[in-house]
Amino acid sequence: MKLVTILLALTFSLGMSAQDNKPTFEKKGDLTKATYFHDNGEIAQTGYFLEGKLHGQWKMFDETGKKIAKGNYEMGKRTGKWFFWEGEVLKEVDFTDNRIASVVESKNAKPVVIN
């Protein structure tokens, strides 16, 4: 009986954990806010859709919750300045017409705060 109870509890907890990792979508006016999750439950990406296309600001995070990328989409196309963090290295990438226009890489001893 104890084994059955333990197996049921384990199955239930695993089922709840897997369910929490499904993306969430929330309507906000004309936009739909999307949040995607890593297998461990941490947020992987968050951003918006407009008419089924990526639109507005998107942020990406690693499995520990640390921000690894941030940038904007305009109707499915990357636009403007994007930031990519890899350890102490920050890459600033400018996009024009959904193509990389320039890349500036810098190594920082201190973290850069960009919301």
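Residues numbered from 1 in each chain as written. Predicted model: local features only at pLDDT ≥ 70, side-chain atom pairs only at ≥ 80, totals over all residues. Heavy atoms only, no water.

## Quick word on the side chain of D62
Phase 1: When you line up the elements, D62 lands in the loop between β5 (56-61) and β6 (67-74).
Phase 2: One buried charged residue, D62, remains without a salt bridge, the closest side chain of opposite sign being K66 at 5.9 Å.
Phase 3: Residues in contact with D62, not counting those within four places in the same chain, are H38, I43 and I68. (Helix = DSSP H or I, 4+ residues; strand = E, 2+ residues; numbered from the N terminus. Buried < 20%, exposed > 50% of the residue type's maximum accessible area, 1.4 Å probe, protein only. Lys, Arg positive; Asp, Glu negative; His and termini not counted. Salt bridge = Lys/Arg side-chain N within 4 Å of Asp/Glu carboxyl O. Contact = heavy atoms within 4.5 Å.)

## Focus: the pattern of salt bridges
Phase 1: A full pass over the atoms with the stated rule returns four salt bridges.
Phase 2: With a closest N to O distance of 3.8 Å, E86 and K91 form a salt bridge.
Phase 3: The exposure class of K91 is partly exposed, given its relative accessible area of 24%.
Phase 4: In the salt-bridge network here, residues are joined through shared partners; they are K81, E92 and D94.

## Topic: the nonpolar core
Phase 1: Counting residues in each nonpolar core, the largest one holds nine residues, listed as A34, F49, W58, M60, A69, Y73, W82, V93 and F95.
Phase 2: Secondary structure elements with two or more residues in this core: β5, β6 and β8 (89-96).
Phase 3: Those residues in contact with W82 that lie beyond four places of it in its chain are M60, K70, G71, N72, Y73, K91, E92, V93 and F95. (Core = buried A, V, L, I, M, F, W, Y, C linked by side-chain atoms within 4.5 Å.)

## A look at the confidence of the model for the protein chain
Phase 1: Looking at the protein chain, pLDDT values average 82 and 76% of them are 70 or higher.
Phase 2: Taken together, the stretch residues 1-19 has pLDDT below 50 and engages in zero contacts with residues farther than four places along the chain or on a different chain. (pLDDT = per-residue confidence, 0-100.)

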